[in-house]
Amino acid sequence: MRDMNNLDEGVEFLPAMNSKKMEKRGPRRQVVITVLIVVVLLVSLTTGLLFWHFKYRNTPVQKVFNGHLRVLNWEFLDAYENSSSPEFSMLAKKVKSTVEEIYKNHADIGPYHKETVITAFSEGSVIAYYWSEFLVPKYREESLDRAMADKQSLVQRWNPRLRNPTLKVESVIAFHSCMFSLHAKEGEVTSFTTPGFPNSPYPNNALCYWALRADASSSISLTFKTLELEPCRDDSDYIKVYNSLSPVEPHALVRLCGNYAPSYNLTFLSSQNVMLVTLVTNKEGRFPGFKAEFFQLPKMKACGGTLKGDSGTFTTPYYPAHYPPDMDCVWNIEVPSIKNVKVRFNMFFVLEPGIPVSSCTKDYVQINGTRYCGEHSQFVVASTTNKIELRFHSDQSYTDTGFSAEFLSYDSSDPCPGKFTCNTGRCIDRSMRCDGWLDCVDGSDERSCTCTEQQFRCRNGWCKPRFWVCDNVNDCGDNSDELQCSCSDDSFKCDNGKCVPSTQKCDGKDDCGDGSDEGSCSTAGQSTVPCKEYTYKCRSGHCISKQNPECDGEQDCEDHSDEDNCNCGLRSYVRKSRIVGGQNSDVGEWPWQVSLHVKGQGHICGASLVSASWLVSAAHCFLPLQGIRYSDPSLWTAYLGLTDQGDRSGPNVQTRKIKRIISHPFFNDYTYDYDIAVLELQSPVTFTAVVQPICLPDATHNFPVGKDLWVTGWGATAEGGTGASILQKAEIRLINQTVCNQLLTDQLTPRMMCVGILTGGVDACQGDSGGPLVSVEPSSRMFLAGVVSWGDGCAQRNKPGVYSRLTSLRDWIQKHTGL
Ligand code: 4AZ
């Protein structure tokens, strides 16, 4: 066996001299090598720095600013309108040297100024327009932008040598100017974006132009793929698209601001082979901008035509894109001679800003001498013969998405077989006749009705559900349903309809029962009042008398606590799609809506997102059923940012497992009293355009009877039916508690409220449970008013849905979530 410890074996030692040489030569060589490395490093670092400085930091950037200024001590002459007149040249020279003087006096501007050209003058005293070109190193670009945007730096400073300047100027304004000229390539799509998109926001104080051209006898189709600008205000950033290369109002096609849901149609067509896109931005805000695409297509030679047969469909040119301006189409429709013809518009968007629908002087549809314009839900125009002529006209400016229509033949003796015929020619279900809802746009389904026992007869003869009487809403149209309930002159009408003596208003006692006689008792919201159960309590412990002060945009508490944690209740997409029909919701329309799934069973209940980590839902969703313990959090997955159940793996959908489910301990599975639960997510969600929390109301928040509220969910669209794939929405109305308790045979508790469907057809139903009932408050923030709980069937007459009343369960939510 070999001994591995005997390491001396076979080892040869170097002679002593050799080792000395090594010792001597070693350190010197090391020093040389180190010095060499340091030198090489230093040289490459300096080269790199110099390269970076010259290639990037010092690269000159050409910048152009458009500007205008007012000359105070000068009078306008007609000759200034002609740029080749000697008068123009003389004043232009003076303005130019004044502008150059202003620039020279500023260290961030002067050194980089190349040229200024005066382009025009207008009256007032004299306004001069100019552009200035700069050549600035990249690292000085930002300070130049800042200086040019700052009005203070563009003032005429007194130059000691020039005590009396020839021109006295004020309001010197400069815009960052960017101009691009793009030509469509045959068979190709060309994209363009705002400067810096998507990595950095578009510039402030900018005026950008994109001139788009196509080959002769082509037109241009332009689509904004994404668009996110500053939210719309009078002076906010905006884009304007023109059907011309000059930015003149008579050729403007559209003005866009804010942001748009992905399904909003943002395709525009030109009538010729040019288009101009302009972006005008103000001095503040950081927003991403847009990405757009355009391509050329053969110019449309003709539109309209002859349509024959029993039925058929037709649309405005390029529907659902915005139709081109300057178009005239005529359709001659003819059905077999023994029949009559009618046209049904399923979508109708022919809206020009500022044009009343009564005049239709710009874009319009004309049938048998009558003009139609504006936005309309489905409507029908019937002819009493077998022919109809339909004209469509679009003028030079502002276009819309147009219409999608069908023509149908009908038997004049029975225009709507098995259905009721509105005077407009529309056919509606017989059950809709005399049901209190206006299903025919002209109300003909509600005329000449005999009211049933459950209905109230209005003075104008209409029949309305009895439970709409005295609900603070003029349902009859002549207010007769609200007359018998108005309070006498010396009494006050509470929000719940009750009358209390005027002397009891603001007496510190809740005489109405809903606190409405004690709300808004002092004009200055901030003044404190003794705390009562209906007064809003600020964090400081002081109470204020203002009703619903939370997140209303006004600071009412001294400590401003009423405006804390108000990042809620707003949709990101201000403009929603107009092409989704019926009660389908648009993407991002209800960003707090959550779909709760159980593994293997799919969607079971709805919920509402109230913070990054907490959901509010109904306790009955977590009751054990058929041997399954639904209270086990591990069974559930929450889907957020979802609209279509068939698109759960979409890029904007966030999924979360549930960490805990807390159901109200008083939940009664027989009466459904206290039907509320809070769910904590395993990890917080990220707020995005389609995932946002809803505002929770204070316990004192008053949702008045008669208020329109929105309920949303993927529940059954008919009693006993199947769930919806696209998130559904319905506008419904808060019903008086006493009236509803009569309708629902005394089953209501103070933790419940009734909300009835106004528009008919859809009610909350199985699968909507746990989902939100929201109120749009005057501040336009949305608040969670209720949670879908139960009902006597779905969508039945006089059987409104029942919702858990958020305000009476608010303190319990606060206790468990801290919100
Ligand atoms: C349910 O079964 C349900 N019409 C929810 C709401 C309504 C009815 C039933 C209200 O979840």
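All values reported here derive from a predicted model rather than from experimental measurement. (Residues numbered from 1 in each chain as written. Predicted model: local features only at pLDDT ≥ 70, side-chain atom pairs only at ≥ 80, totals over all residues. Heavy atoms only, no water.)

Draft legend 1. Up close: the overall build of the protein chain. The number of helices and strands found in the protein chain is five helices and 43 strands. Since a compact globule built from 819 residues should have a radius of gyration of about 28 Å, the 36 Å found for the protein chain marks it as more spread out than a globular shape. Summarising its shape, the C-alpha atoms of the protein chain cover approximately 115 × 105 × 70 Å along the three principal directions. For the protein chain, with 819 residues in total, the buried portion stands at 47%. Taking all contacts inside the protein chain whose residues are at least 6 apart in sequence as the whole, residues at least 24 apart take part in 66%. For the protein chain, the accessible area works out to roughly 40,800 Å², and carbon and sulfur atoms hold 52% of it. Across the protein chain, the 81 positively charged side chains and the 94 negatively charged ones have centroids separated by 8 Å. (Helix = DSSP H or I, 4+ residues; strand = E, 2+ residues; numbered from the N terminus. Rg over C-alpha atoms; globule rule 2.2 N^0.38 Å. Buried < 20%, exposed > 50% of the residue type's maximum accessible area, 1.4 Å probe, protein only. Contact = heavy atoms within 4.5 Å. Areas by Shrake-Rupley, 256 points an atom, 1.4 Å probe, with all protein chains shown as cover. Lys, Arg positive; Asp, Glu negative; His and termini not counted. Charge placed at Lys NZ, Arg CZ, Asp CG, Glu CD.)

Draft legend 2. Here's a closer look at the site of the ligand. Inspection of the region around the ligand gives D763, A764, C765, Q766, G767, S769, V788, W790, G791, G793, C794 and G801 as its neighbouring residues. Within the side chain of S769, an N or O atom sits 2.5 Å from an oxygen atom of the ligand. In the environment of the ligand, a nitrogen atom lies 3.1 Å from a nitrogen or oxygen atom belonging to the backbone of G793. In isolation the ligand has 300 Å² of accessible area, and contact with the protein removes 84% of it. Tallied by class, residues from the shell around the ligand come to five nonpolar, six polar and one charged. (Near = heavy atom within 4 Å. Polar contact = N/O pair within 3.5 Å; in protein donor to acceptor, adjacent residues only side chain to side chain. Nonpolar A, V, L, I, M, F, W, Y, C, P; charged D, E, K, R; others polar.)

Draft legend 3. Main features of the environment of V788. Along the polypeptide, V788 turns up in strand β42 (residues 782-790). Residue classification places V788 among the buried positions, given a relative accessible area of 4%. V788 sits 20 residues away from D768 along the chain, and the two C-alpha atoms are 6.4 Å apart. Each residue touching V788, except ones within four places of it in the same chain, is listed here: A618, H620, V711, A764, D768, S769, G770, G771, V802 and Y803.

Draft legend 4. Spotlight on the layout of surface pockets. Roughly 880 Å³ of volume is contained in the second largest pocket. Contributing to the lining of the second largest pocket are 34 residues, with Y536, N565, D698, R810 and L819 lying nearest its centre. Listing elements by their share of the lining of the second largest pocket, those giving two or more residues are β30 (536-537) and α5 (806-817). Per-element accounting of the lining of the second largest pocket gives the leading share, three residues, to α5. Partitioning the lining of the second largest pocket into residue classes produces 16 nonpolar, eight polar and ten charged. (1 Å grid on protein atoms, 1.4 Å probe; cavity = no way out; pocket = protein on both sides within 12 Å on 5 of 7 lines; lining within 4 Å. Points joined across faces, edges and corners; volume = space filled by probe spheres on them.)

Draft legend 5. Region of the structure containing the state of the cysteines. Summed over the entire model, instances satisfying the criterion amount to 17 disulfides. Each sulfur in the disulfide pair C458 and C476 lies 2.0 Å from the other. Taking the sign of the torsion about the S-S bond as the criterion, the disulfide between C458 and C476, at about -70°, is left-handed. On the criterion of sequence distance, the pair formed by C458 in the loop between β25 (455-457) and β26 (463-465) and C476 in the loop between β26 and β27 (491-493) is long-range, its members being 18 residues apart. C458 sits in the buried class, given a relative accessible area of 3%. Each sulfur of the disulfide joining C740 and C754 lies 1.7 Å from the other. Torsion about the S-S bond of the C740 and C754 cystine: about -80°, corresponding to left-handed handedness. Note that C740 is positioned in helix α4 (residues 737-743) and C754 in strand β40 (residues 752-757), a separation of 14 residues in sequence. (Disulfide = S-S within 2.5 Å.)

Draft legend 6. Fine view of unusual backbone geometry. A cis amide bond, omega 0°, links F197 with the succeeding residue P198. In this fold, P198 is placed in the loop between β5 (190-193) and β6 (206-213). For the bond running from Y319 to P320, omega is 5°, close enough to zero to count as cis. Summarising the element assignment, P320 is placed in the loop between β14 (311-315) and β15 (327-334). For C360, which is not a glycine, the phi torsion comes out positive at approximately 50°. Considering the arrangement of structural elements, one finds C360 in the loop between β16 (340-350) and β17 (364-367).

Draft legend 7. A look at the pattern of salt bridges. Evaluated as defined, the whole model comprises 25 salt bridges. Between K96 and E100 there is a salt bridge, with its nearest N and O atoms 3.8 Å apart. Pair noted here: K96 and E100 are both in helix α2 (residues 86-104), with a separation of four residues, about one helical turn. Relative accessible area serves as the criterion here: at 27%, E100 is assigned to the partly exposed category. A salt bridge links R660 to E680; its shortest N-O distance comes to 2.7 Å. Here R660, found in strand β36 (residues 654-663), pairs with E680, found in strand β37 (residues 677-681); they are 20 residues apart in sequence, far enough to count as distant. Classification of R660 by relative accessible area gives partly exposed; the value is 37%. (Salt bridge = Lys/Arg side-chain N within 4 Å of Asp/Glu carboxyl O.)

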